[in-house]
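One letter stands for each residue in the lines below.
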Amino acid sequence: QLLRDNFADAFSDSSLNSLSDFDFTMKNIAKQKADIFGETPDPFNWYYYSTIVMGIMFNIITGIGVVADIEADVSKAAMRISLSSSKKSVLLINMFFAKFVICYLISLFEISFANLVFKIPIGNRILQLLLFAAVGNLFTLSIGMLAGLFIKGSVSAKENKANALLMTSVFLSGEMVNTLPALFQEKAPWINEINPASILNFAFYKLVYYENLTGFYINIMKIVLITIICLIIAIIKMRRQKYASV
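What counts as what
- Residues numbered from 1 in each chain as written.
- Predicted model: local features only at pLDDT ≥ 70, side-chain atom pairs only at ≥ 80, totals over all residues.
- Heavy atoms only, no water.
- Helix = DSSP H or I, 4+ residues; strand = E, 2+ residues; numbered from the N terminus.
- Buried < 20%, exposed > 50% of the residue type's maximum accessible area, 1.4 Å probe, protein only.
- Core = buried A, V, L, I, M, F, W, Y, C linked by side-chain atoms within 4.5 Å.
- Contact = heavy atoms within 4.5 Å.
- Phe/Tyr/Trp six-rings, centres within 6.5 Å; stacked < 30°, edge-to-face > 60°.
- Axes fitted to C-alpha atoms, helices over the stretch in contact; angles between N-to-C directions.
- Parallel < 35°, antiparallel > 145°, perpendicular 65-115°, else oblique.
- Left-handed = near helix turned anticlockwise from the far one by under 90°.
- Nonpolar A, V, L, I, M, F, W, Y, C, P; charged D, E, K, R; others polar.
- Salt bridge = Lys/Arg side-chain N within 4 Å of Asp/Glu carboxyl O.
- Polar contact = N/O pair within 3.5 Å; in protein donor to acceptor, adjacent residues only side chain to side chain.
- Expected span 1.5 Å × (residues − 1).
- Patch = residues over 30% accessible without salt bridge, like charges linked within 9 Å, V, L, I, M, F, W, Y side chains within 5 Å.
- Areas by Shrake-Rupley, 256 points an atom, 1.4 Å probe, with all protein chains shown as cover.

Enquirer: Any details on the overall build of the protein? Residues and values, ideally.
Expert: Broken down by element type, the protein carries 12 helices and zero strands. Along the protein, helices and strands appear, N-terminal first, in the series α-α-α-α-α-α-α-α-α-α-α-α. For the protein, with 246 residues in total, the buried portion stands at 47%.

Quick look at the structure:
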(Lines give C-alpha, C1' and ligand atoms only; values in the text may rest on other atoms or scores of the structure.)
Protein backbone atom coordinates (compact mmCIF):
# COMPACT_ATOMS: atom_id res chain seq x y z
CA GLN A 1 0.00 0.00 0.00
CA LEU A 2 2.88 2.35 0.83
CA LEU A 3 4.45 1.65 -2.57
CA ARG A 4 1.21 2.50 -4.34
CA ASP A 5 0.75 5.70 -2.32
CA ASN A 6 4.28 6.79 -3.23
CA PHE A 7 3.66 5.88 -6.86
CA ALA A 8 0.52 8.05 -6.93
CA ASP A 9 2.36 10.95 -5.28
CA ALA A 10 5.21 10.70 -7.78
CA PHE A 11 2.80 11.27 -10.65
CA SER A 12 0.64 13.88 -8.91
CA ASP A 13 2.21 16.74 -10.91
CA SER A 14 2.28 14.94 -14.25
CA SER A 15 -0.34 14.26 -16.90
CA LEU A 16 -1.50 11.33 -14.75
CA ASN A 17 -3.01 13.41 -11.96
CA SER A 18 -4.04 10.47 -9.79
CA LEU A 19 -3.93 6.71 -9.62
CA SER A 20 -7.55 6.61 -10.81
CA ASP A 21 -6.49 8.53 -13.93
CA PHE A 22 -3.80 5.93 -14.46
CA ASP A 23 -6.37 3.13 -14.21
CA PHE A 24 -8.46 4.90 -16.84
CA THR A 25 -5.45 5.10 -19.13
CA MET A 26 -4.84 1.38 -18.75
CA LYS A 27 -8.46 0.54 -19.54
CA ASN A 28 -8.23 2.53 -22.74
CA ILE A 29 -5.64 0.08 -24.05
CA ALA A 30 -8.35 -2.25 -25.30
CA LYS A 31 -11.23 0.26 -25.34
CA GLN A 32 -13.32 -1.88 -22.97
CA LYS A 33 -14.21 -1.89 -19.29
CA ALA A 34 -13.05 -4.46 -16.79
CA ASP A 35 -15.71 -6.87 -15.67
CA ILE A 36 -14.58 -10.39 -14.78
CA PHE A 37 -13.81 -9.52 -11.17
CA GLY A 38 -16.24 -6.63 -10.93
CA GLU A 39 -13.47 -4.24 -9.98
CA THR A 40 -11.07 -1.74 -11.50
CA PRO A 41 -7.96 -3.44 -12.91
CA ASP A 42 -4.95 -2.93 -10.69
CA PRO A 43 -2.38 -1.13 -12.89
CA PHE A 44 0.44 -2.83 -11.02
CA ASN A 45 -0.71 -6.21 -12.34
CA TRP A 46 0.50 -5.09 -15.78
CA TYR A 47 4.05 -5.43 -14.44
CA TYR A 48 3.42 -9.02 -13.36
CA TYR A 49 1.80 -9.92 -16.66
CA SER A 50 4.75 -8.34 -18.47
CA THR A 51 7.14 -10.39 -16.34
CA ILE A 52 5.33 -13.61 -17.27
CA VAL A 53 5.43 -12.58 -20.92
CA MET A 54 9.13 -11.74 -20.61
CA GLY A 55 9.76 -15.29 -19.39
CA ILE A 56 8.00 -16.59 -22.50
CA MET A 57 9.94 -14.14 -24.67
CA PHE A 58 13.26 -15.57 -23.49
CA ASN A 59 12.36 -18.73 -25.39
CA ILE A 60 13.66 -16.85 -28.42
CA ILE A 61 17.11 -17.84 -27.14
CA THR A 62 15.90 -21.44 -26.88
CA GLY A 63 14.73 -21.22 -30.49
CA ILE A 64 18.24 -20.19 -31.53
CA GLY A 65 19.47 -23.33 -29.79
CA VAL A 66 17.07 -25.49 -31.80
CA VAL A 67 18.68 -24.29 -35.02
CA ALA A 68 22.22 -24.50 -33.60
CA ASP A 69 21.67 -28.17 -32.73
CA ILE A 70 21.11 -28.97 -36.41
CA GLU A 71 23.60 -26.68 -38.18
CA ALA A 72 26.57 -28.88 -39.05
CA ASP A 73 29.13 -26.07 -38.92
CA VAL A 74 28.29 -25.14 -35.33
CA SER A 75 29.35 -28.20 -33.34
CA LYS A 76 30.36 -31.86 -33.70
CA ALA A 77 27.04 -32.93 -32.19
CA ALA A 78 25.17 -30.88 -34.78
CA MET A 79 27.35 -32.40 -37.52
CA ARG A 80 26.38 -35.91 -36.42
CA ILE A 81 22.70 -34.97 -36.32
CA SER A 82 22.90 -33.41 -39.79
CA LEU A 83 24.20 -36.73 -41.17
CA SER A 84 20.99 -38.44 -40.12
CA SER A 85 18.92 -39.98 -42.90
CA SER A 86 15.91 -38.03 -41.65
CA LYS A 87 14.93 -34.91 -43.53
CA LYS A 88 16.12 -31.64 -42.05
CA SER A 89 12.54 -30.44 -41.87
CA VAL A 90 11.57 -33.48 -39.79
CA LEU A 91 14.57 -32.99 -37.48
CA LEU A 92 13.74 -29.32 -37.08
CA ILE A 93 10.08 -29.92 -36.25
CA ASN A 94 10.87 -32.74 -33.80
CA MET A 95 13.45 -30.69 -31.94
CA PHE A 96 11.17 -27.67 -32.01
CA PHE A 97 8.32 -29.49 -30.28
CA ALA A 98 10.67 -31.23 -27.84
CA LYS A 99 11.81 -27.79 -26.66
CA PHE A 100 8.23 -26.55 -26.71
CA VAL A 101 7.04 -29.14 -24.17
CA ILE A 102 9.70 -28.06 -21.67
CA CYS A 103 9.07 -24.35 -22.23
CA TYR A 104 5.31 -24.84 -21.95
CA LEU A 105 5.56 -26.58 -18.60
CA ILE A 106 7.89 -23.87 -17.27
CA SER A 107 5.42 -21.17 -18.34
CA LEU A 108 2.52 -22.92 -16.62
CA PHE A 109 4.59 -23.18 -13.44
CA GLU A 110 5.45 -19.48 -13.62
CA ILE A 111 1.81 -18.46 -14.12
CA SER A 112 0.64 -20.76 -11.32
CA PHE A 113 3.32 -19.47 -8.96
CA ALA A 114 2.36 -15.84 -9.66
CA ASN A 115 -1.27 -16.65 -8.94
CA LEU A 116 -0.92 -18.91 -5.91
CA VAL A 117 2.01 -17.23 -4.16
CA PHE A 118 1.79 -13.57 -5.21
CA LYS A 119 -2.01 -13.64 -5.61
CA ILE A 120 -1.88 -12.14 -9.12
CA PRO A 121 -5.33 -12.57 -10.74
CA ILE A 122 -5.36 -14.77 -13.82
CA GLY A 123 -9.13 -15.21 -14.12
CA ASN A 124 -11.02 -18.49 -14.25
CA ARG A 125 -10.71 -19.27 -17.97
CA ILE A 126 -8.36 -22.20 -17.62
CA LEU A 127 -8.70 -23.53 -21.18
CA GLN A 128 -8.01 -20.11 -22.69
CA LEU A 129 -5.07 -19.66 -20.32
CA LEU A 130 -3.60 -22.99 -21.45
CA LEU A 131 -4.13 -21.88 -25.04
CA PHE A 132 -2.36 -18.58 -24.39
CA ALA A 133 0.67 -20.29 -22.82
CA ALA A 134 0.89 -22.81 -25.66
CA VAL A 135 0.57 -20.28 -28.46
CA GLY A 136 2.94 -17.84 -26.74
CA ASN A 137 5.69 -20.44 -26.47
CA LEU A 138 5.24 -21.64 -30.05
CA PHE A 139 5.39 -18.00 -31.14
CA THR A 140 8.66 -17.12 -29.39
CA LEU A 141 10.37 -20.39 -30.29
CA SER A 142 9.56 -19.86 -33.97
CA ILE A 143 10.93 -16.30 -33.83
CA GLY A 144 14.06 -17.68 -32.17
CA MET A 145 14.60 -20.15 -34.99
CA LEU A 146 14.46 -17.32 -37.53
CA ALA A 147 16.94 -15.36 -35.43
CA GLY A 148 19.25 -18.37 -35.37
CA LEU A 149 19.07 -18.76 -39.13
CA PHE A 150 19.35 -15.15 -40.25
CA ILE A 151 21.53 -13.42 -37.62
CA LYS A 152 25.19 -13.74 -38.56
CA GLY A 153 27.95 -14.86 -36.24
CA SER A 154 28.58 -17.55 -33.65
CA VAL A 155 25.83 -18.96 -31.48
CA SER A 156 26.80 -16.67 -28.60
CA ALA A 157 26.85 -13.65 -30.94
CA LYS A 158 23.38 -14.57 -32.21
CA GLU A 159 22.11 -14.90 -28.64
CA ASN A 160 23.59 -11.55 -27.63
CA LYS A 161 22.00 -9.76 -30.59
CA ALA A 162 18.68 -11.52 -29.98
CA ASN A 163 18.83 -10.52 -26.30
CA ALA A 164 19.21 -6.87 -27.29
CA LEU A 165 16.14 -7.08 -29.55
CA LEU A 166 14.24 -9.07 -26.92
CA MET A 167 14.82 -6.55 -24.14
CA THR A 168 13.87 -3.69 -26.45
CA SER A 169 10.60 -5.46 -27.23
CA VAL A 170 9.94 -6.07 -23.52
CA PHE A 171 10.67 -2.43 -22.65
CA LEU A 172 8.27 -1.15 -25.31
CA SER A 173 5.60 -3.51 -23.97
CA GLY A 174 5.54 -1.67 -20.63
CA GLU A 175 7.67 -3.91 -18.42
CA MET A 176 9.57 -0.91 -17.01
CA VAL A 177 7.10 1.93 -17.74
CA ASN A 178 3.61 0.49 -17.91
CA THR A 179 2.03 3.58 -19.46
CA LEU A 180 3.96 3.06 -22.70
CA PRO A 181 1.45 0.67 -24.36
CA ALA A 182 -1.42 3.10 -23.74
CA LEU A 183 0.70 5.96 -25.08
CA PHE A 184 1.59 4.01 -28.21
CA GLN A 185 -2.04 2.96 -28.66
CA GLU A 186 -2.99 6.62 -28.76
CA LYS A 187 -0.06 8.08 -30.72
CA ALA A 188 1.40 5.21 -32.78
CA PRO A 189 -0.68 2.01 -32.49
CA TRP A 190 1.44 0.26 -35.13
CA ILE A 191 4.19 -0.13 -32.50
CA ASN A 192 1.91 -2.33 -30.38
CA GLU A 193 0.80 -4.21 -33.50
CA ILE A 194 4.33 -5.29 -34.49
CA ASN A 195 5.95 -5.65 -31.06
CA PRO A 196 5.91 -9.37 -30.06
CA ALA A 197 5.92 -8.68 -26.30
CA SER A 198 3.04 -6.19 -26.61
CA ILE A 199 0.98 -8.65 -28.64
CA LEU A 200 1.37 -11.25 -25.88
CA ASN A 201 0.73 -8.70 -23.12
CA PHE A 202 -2.49 -7.50 -24.72
CA ALA A 203 -3.72 -11.07 -25.16
CA PHE A 204 -3.04 -11.88 -21.50
CA TYR A 205 -4.59 -8.63 -20.24
CA LYS A 206 -7.75 -9.10 -22.33
CA LEU A 207 -8.07 -12.73 -21.22
CA VAL A 208 -8.02 -11.77 -17.55
CA TYR A 209 -10.03 -8.56 -17.54
CA TYR A 210 -12.58 -8.52 -20.37
CA GLU A 211 -15.86 -10.39 -20.62
CA ASN A 212 -15.87 -10.30 -24.41
CA LEU A 213 -13.00 -12.49 -25.60
CA THR A 214 -13.14 -11.34 -29.22
CA GLY A 215 -10.04 -9.17 -28.77
CA PHE A 216 -8.20 -12.05 -27.09
CA TYR A 217 -8.94 -14.46 -29.92
CA ILE A 218 -7.94 -11.87 -32.52
CA ASN A 219 -4.55 -11.57 -30.80
CA ILE A 220 -4.24 -15.35 -30.63
CA MET A 221 -4.97 -15.66 -34.36
CA LYS A 222 -2.30 -13.05 -35.12
CA ILE A 223 0.19 -14.98 -33.02
CA VAL A 224 -0.67 -18.30 -34.67
CA LEU A 225 -0.39 -16.79 -38.16
CA ILE A 226 3.04 -15.28 -37.43
CA THR A 227 4.16 -18.58 -35.88
CA ILE A 228 3.18 -20.57 -38.98
CA ILE A 229 4.92 -18.09 -41.28
CA CYS A 230 8.09 -18.23 -39.16
CA LEU A 231 8.09 -22.04 -39.16
CA ILE A 232 7.64 -22.22 -42.93
CA ILE A 233 10.48 -19.77 -43.53
CA ALA A 234 12.73 -21.61 -41.05
CA ILE A 235 12.10 -24.98 -42.72
CA ILE A 236 12.74 -23.61 -46.21
CA LYS A 237 15.92 -21.86 -45.05
CA MET A 238 17.23 -24.93 -43.22
CA ARG A 239 16.59 -27.29 -46.14
CA ARG A 240 18.61 -25.07 -48.48
CA GLN A 241 21.67 -24.83 -46.25
CA LYS A 242 24.83 -26.63 -47.40
CA TYR A 243 27.95 -27.26 -45.37
CA ALA A 244 31.44 -27.72 -46.77
CA SER A 245 32.41 -29.89 -43.80
CA VAL A 246 29.71 -32.48 -44.49
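Enquirer: A description of the nonpolar core should follow, citing residues and the corresponding values.
Expert: In terms of nonpolar packing, the biggest core is built from 59 residues, with Met57, Phe132, Met145, Leu200 and Phe204 touching the most fellow members. Residue assignment for this core shows that the elements contributing at least two residues are helix H3 (45–57), helix H4 (59–68), helix H6 (88–116), helix H7 (126–150), helix H8 (155–172), helix H11 (196–209) and helix H12 (214–240). Among the elements that line this core, the one with the most residues is H7, at 12 residues. For Leu200, the contacting residues outside a window of four places in its chain are Val53, Ile56, Met57, Phe132, Gly136, Phe139, Thr140 and Ile223.

Enquirer: A description of the packing of aromatic side chains should follow, citing residues and the corresponding values.
Expert: Summed over all chains, the structure comprises 13 aromatic pairs. Relative to Phe113, the ring of Phe109 lies with its centre 6.0 Å away and its plane at 35 degrees, an arrangement referred to as tilted. Within this pair, Phe109 and its partner Phe113 are both found in helix H6, separated by four residues, close to a single helical turn. On the basis of an interplanar angle of 65 degrees and a centroid distance of 5.2 Å, the ring pair of Phe216 and Tyr217 is categorised as edge-to-face.

Enquirer: Break down the packing of H3 against H6 for me, with residues and values.
Expert: How two helices sit against one another is set out by the angle between their axes and by the gap between those axes. With their axes 10 Å apart at the nearest point, H3 and H6 run at an angle of 165 degrees to one another. One element, H3, and the other, H6, form an angle in the roughly antiparallel class. For the pair H3 and H6, the crossing hand works out as right-handed. Mapping the contact onto sequence places Thr51, Ile52, Gly55 and Ile56 in H3 and Ser107, Glu110, Ile111 and Ala114 in H6. Split by residue class, the contact of H3 with H6 holds four nonpolar, three polar and one charged.

Enquirer: Pulling in residues and values, what's your account of the pattern of salt bridges?
Expert: Under the definition given, this model contains two salt bridges. Residue Lys187 is joined to Glu186 by a salt bridge in which the shortest nitrogen-to-oxygen separation is 4.0 Å. When sorted by exposure, Lys187 lands in the same class as Glu186, which is exposed. Lys222 is paired through a salt bridge with Glu193; the nearest N and O atoms lie 2.6 Å apart. Of this pair, Lys222 sits in helix H12 while Glu193 sits in helix H10 (residues 189–194), and the two are 29 residues apart along the sequence.

Enquirer: Which residues make up unusual backbone geometry, and what values go with them?
Expert: Positive phi outside glycine occurs at Lys119, with the angle close to 60 degrees. Tracing the chain through its elements places Lys119 in the loop between H6 and H7. Residue Lys119 is classed as exposed on the basis of its relative accessible area, which comes to 62%.

Enquirer: Help me get a handle on the environment of Leu166, residues and values and all.
Expert: You can see Leu166 is positioned in helix H8. Placed 112 residues apart in sequence, Leu166 and Met54 show a C-alpha to C-alpha distance of 8.5 Å. Apart from the residues within four sequence positions on either side, Leu166 is in contact with Met57, Phe58 and Ile60.

Enquirer: Any details on the side chain of Gln128? Residues and values, ideally.
Expert: By secondary structure assignment, the location of Gln128 is in helix H7. Among the polar contacts made by the side chain of Gln128, one reaches the side chain of Tyr217 at a distance of 3.3 Å. What Gln128 contacts, discounting residues up to four positions off in sequence, is Leu207, Leu213, Phe216 and Tyr217.

Enquirer: Describe H6, listing the residues and the values that go with them.
Expert: The end-to-end C-alpha distance of H6 is 42 Å, a good match for the 42 Å that 29 residues give at a rise of 1.5 Å each. Listed as buried for H6 are Lys88, Ser89, Leu91, Leu92, Met95, Phe96, Phe100, Cys103, Tyr104, Ser107, Ile111 and Ala114.

Enquirer: Describe H4, listing the residues and the values that go with them.
Expert: Most of H4 sits out of view: nine of its 10 residues are buried. Taken as a whole, H4 has its buried residues at Asn59, Ile60, Ile61, Gly63, Ile64, Gly65, Val66, Val67 and Ala68.

Enquirer: Please provide a residue-by-residue account of a nonpolar patch on the surface, values included.
Expert: Nonpolar side chains collect at one region of the surface, where Tyr48, Phe109, Phe113, Leu116, Val117 and Phe118 lie side by side and expose about 640 Å² of accessible area between them. Ranked by the residues each element gives to the nonpolar patch, the list is headed by H6, at three residues. As for its position among the elements, Tyr48 is in helix H3. Residue classification places Tyr48 among the partly exposed positions, given a relative accessible area of 37%.

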